[in-house]
Amino acid sequence: MSAPLDLTRVPPLGEPRPQPIHAAQETTLPNGLRVVVVPRPGVPLVELRLRVPFAASGAADAEVHTARGAVLSGALLLGTEAHDQTGIAELMQSHGAELSVSSDPDRLLFATTLLPGGLRPVLDVLGELLTSATYPDDPVDGERSRVAERIAIARSQPGVIARSALAARRYVDHPYAIQLPDPELVAAVEPAALRDLHRDRVLPRGSSLVLVGDLDPEAAAAAVAGALADWEGSGQAVEPPLATERSLSGIELVDRPGAVQSNLRLGGPAPRRTDPDLAAVRLANMVFGGYFSSRLVENIRERRGYTYSPHSSVDHQAAASSFLVEADVATEVTGPALLETWYELGRMALTAVTEAELDAARRYVLGSMALSTATHAGLASTLSALAGAGLGVDWLAEHQRALAAVTVDEVLAAAARYLAAPALTAVIVGDAEKVADPLRRLAPVEVTGNPQA
Amino acid sequence: VRCSAGLPGGDRSHSAVSVGSVTAAGAELTLRHPVERFTLDNGLRVVLAPDRSVPVVAVSVFYDVGMRNEPEGRTGFAHLFEHMMFQGSAHVPKMEHARLVQAAGGTFNGSTHQDYTNYYEALPAEALERALFLEADRMAAPAITEENLRNQIDVVKEEIRVNVLNRPYGAFPWLQLPQIAFESFANTHDGYGSFVDLESSTVDDATDFFSRYYAPGNAVLCIGGDLDVAETERLVRRWFGPVEARGVPPVPPTGEPSPTRVRSGVVEDALAPAPALALGWRVPDPVTEFDSYLGTVLLAEVLSEGDASRLERRLIHDDRIAIAQSSYVGLFGDPFDVRDATLLTTQVHHPAAVPAERVTAAVHEEIARIAGDGVAAEELRRVQARTEAQLLRQADSVLGRTLGFAAAELIHGRAELAGELAARLASVTPEQVQAAAGALDPGTVAVLELRAAGGPR
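Computed from a prediction, not measured in an experiment: that's the story for all the values here.

What counts as what
Residues numbered from 1 in each chain as written. Chains lettered and ligands numbered in written order. Predicted model: local features only at pLDDT ≥ 70, side-chain atom pairs only at ≥ 80, totals over all residues. Heavy atoms only, no water. Helix = DSSP H or I, 4+ residues; strand = E, 2+ residues; numbered from the N terminus. Buried < 20%, exposed > 50% of the residue type's maximum accessible area, 1.4 Å probe, protein only. Polar contact = N/O pair within 3.5 Å; in protein donor to acceptor, adjacent residues only side chain to side chain. Pairing = 2+ DSSP bridges. Axes fitted to C-alpha atoms, helices over the stretch in contact; angles between N-to-C directions. Salt bridge = Lys/Arg side-chain N within 4 Å of Asp/Glu carboxyl O. Core = buried A, V, L, I, M, F, W, Y, C linked by side-chain atoms within 4.5 Å. Contact = heavy atoms within 4.5 Å. pLDDT = per-residue confidence, 0-100.

All names here are of chain A. On the secondary structure map, D104 appears in the loop between strand 4 (100-103) and strand 5 (107-114). With a relative accessible area of 32%, D104 lands in the partly exposed category. Placed 239 residues apart in sequence, D104 and Y343 show a C-alpha to C-alpha distance of 34 Å. Among the polar contacts listed, one links the side chain of D104 to the backbone nitrogen of D106, at a separation of 2.7 Å. A distance of 2.9 Å separates a polar side-chain atom of D104 from the backbone nitrogen of R107.

A few words now on the sheet that holds strand 2 (residues 45-50) of chain B. Residue and element names in this part refer to chain B. Spatially, six strands are ordered 1-2-6-3-5-4 in an open sheet, and the strand pairing comes out mixed. The open sheet has two free edges, formed respectively by strand 1 (36-39) and strand 4 (107-112), since each of these has just one partner strand. Neighbouring strand axes in the sheet, compared pairwise and without regard to direction, differ in orientation by 15° on average. Direction of pairing for strand 3 (residues 56-63) relative to strand 6 (residues 219-225): antiparallel, over a ladder of seven bridges.

Take the pattern of salt bridges next. Under the defined criterion, the tally for this structure stands at 57 salt bridges over all chains. Shared partners join several salt bridges into a network, and the residues in it are R314, D319, E365, E366 and R369 of chain B.

Residue and element names in this part refer to chain B. Taken across its seven residues, strand 8 (residues 276-282) has seven buried, putting it largely inside the fold. Neither face of strand 8 is left uncovered, since the one carrying A276, A278, G280 and R282 and the one carrying L277, L279 and W281 both have all their residues buried. Bridge analysis of strand 8 against strand 10 (residues 343-349) gives seven bridges, and the strand direction is antiparallel. Bridge assignment links L279 to a residue of strand 10, and that residue is T346. Examined bridge by bridge, strand 8 and strand 11 (residues 446-452) share five bridges and lie antiparallel to one another. Counted as the bridge partner of L277 is E449 from strand 11.

In terms of nonpolar packing, the biggest core is built from 70 residues, with L299 and V433 of chain B touching the most fellow members. With residues up to four places along the chain from it excluded, the contact list for V433 of chain B reads G295, L298, L299, V302, I370, V375, L380 and V428 of chain B.

Attention now moves to the confidence of the model for chain B. Residues and elements named next belong to chain B. Here chain B shows a mean pLDDT of 92. Residues at 70 or above account for 92%. Long-range and interchain partners of residues 1-31, a stretch whose pLDDT sits below 50, account for 121 contacts in this model, where long-range means more than four residues apart. Interface predicted TM-score (ipTM) for the complex: 0.94; the corresponding pTM is 0.94.

Residue and element names in this part refer to chain A. What the six strands build is an open sheet, ordered 9-10-8-11-7-12; its pairing is mixed. What marks the edges here is a single partner per strand, and that holds for strand 9 (311-316) and strand 12 (445-448). Going from strand to strand, the sheet's axes swing by 20° on average, the running direction of each strand aside. In this sheet, strand 12 lies alongside strand 7 (residues 251-255) in parallel orientation, the contact comprising four bridges. Bridge pairing links V254 to T448 in strand 12. Across the sheet, helix 9 (residues 278-290) touches strand 9 and strand 10 (321-330), and the angle it forms with strand 9 is around 155°. Each of strand 7, strand 8 (261-269), strand 10 and strand 11 (425-430) is contacted by helix 11 (residues 334-350), which is oriented at about 25° to strand 8, the strand it contacts most.

Okay, structure coming up:
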């Protein structure tokens, strides 16, 4: 039914309208906490993000630290010297807030939305949690059991199995090798250990607080200074050790008997946020598999119907950046799907993309950056991640300029280094009885058991 | 299409509002912008919701056909057809819809719901006319070919494997609970579709479905964000005006008699390491009994929103018989985008050592406590403040706000309702919540147990 695209029928784009400029006010409290405040028009809400670097200091304590961190992030809310858990939740809720605390290998993140009139009271509760969380024995016991159960549920998800296996294969004995803690170590976490961990590691120096939305910058900064002045502690919040990754050839096949799909995962290093190669690699990623208009989606989804959700991305952690490829494919086409994925990676690494492909990717990346920072919540999360990397709001404009200048040759050079299949570690989760043989026709295969089972 | 294509199982989202000034929780809530609307000669209803604070525009088309409209033997067809709408159209080759949106710096998707199917783009404001061209072109003539249909049947089967068959708790409880809670085919069948039905779908089926349900008179076009009303009306008339008018099917009644007894069922999950439980109660008609329905919506929040909620305290912290709990109204968690019949669902994951009956009894007890003693005004005021913040958060995104206006226009006939929700919820009284709890009769509940049959693998 459809003829070739007649561009004369397609309405041209109008003149771009100016993007809003975010005026960030930055201060550092005497206790070392970095504070970033951004007033923004929009709905009458404020978004809060407090990022506390919270990494394992090295391979030796990574297992135990990860287990304790998983319990601490929930147990922090179980009580303070002044309030029990319900009291804390009620105080937050009356200002439209609900504080979440989450941990990953890099940091603790405290996050909530709130009604503007509640800024000082919510900051006061936050200060109370930071300075006087009690980790009461009996509630901690309950939290510990729930965390262990939730980990068991998470580990039954094929996507989690695949992510964990890829991380372990790439990072070996760096803390990043551990995606989820061992439930037995979780069950052994004692309240006293949590109190020690909080005292030693939940520290203002090195941490950053971001507030975005309907606020007055001076008044907000004063409220933060007043509410969090008592948060003290010696030393600096802990960043992870620099990650080096192992690059193993061949495929690790994690056996999941009876699986009706295989989870393909490829991963390797990518440039850091401050690396001049980043813009070119992000654009190479888009052309390859980073959005719907990409080569990978056209090939293994829209032409061959192997998969619903092929995707590639560039991901930044504090101590490493990654180029990642993922696709969940029908068991019977596991070999062909990997072959096509490698073929598209090879095309990227060996032959130039077209100017049209590059321009489309560039406009999409610039447009999606604008969309993702066009809400209080989106801007707050972006600024919090940048603050964690020691960067400010200016990085957004600098990166946009870098994206605008990337050439076809630079994309090829970036792909040759970062998207070439030998640079990527391969893990597949699937039914080994059905997929091992076809995969062996492509590369050596090492079959492993599901460590989570 | 990727990432939603529609079936956000268990995902909780609220409709959008646009609120100008809030002096304090529950105080004066006013619409920032009036909603403009007009109807084209071909019957297309058009809603414009301008807001020029960020240079972003959202374009959405809602067709009044969803999973509940599927005929017997064609389960999953509404969703399969949604995929077909991305396969190109009269003047747009395959893949070019995505390229034209994304190369303009925009994002797009579509999703299939119980009572409607939507398509949308969020773009830089200068790309507005391009999005109108794309939506009008596929409203007039999508590329329904044998090759595209076979390809998308394969893609949808992989979507079902990702979200249902290859994972623990896949589509729990939205696929299985309605089978127990309701009687009619419309309300009970699998909206993702059986592989048998999907594979036997033909081009003729798709053409008939398009002809019947995708008439301009059966759709709402809603545009929000950085737009000039007069100029946008001119562009809408230019691109959508020529789309040929067709007959519009009547909205089929999906309501059914309320249950009079307990119904229960068990699903075995070979991949799940721990059991789960879903309880569903029939609730008032979301459209014709809106006031009492609002009481039910807030009851769900009182029961399960946050650490201070009734079921979080009872099940998780006091009795320690559950790992996680949530309660929500509407099959996918949006109470304001569904027609009758619908449920309040309480969903609980619990340890294997805790019998399901113990969890059920505790839930019934907590609801009976509200039905008997009511809720304190202070408790309800806190819950209302939290609900208001969540509605505002949704409305901060141009796309979220636009989808909320569109759903309100389609389901309730009034886009403005989306802007009034915060105020309407803020005026709900403790008596309304108490009455809503009284209607959750333990004698008419639908109970679905998920048994963990395989453990981790």
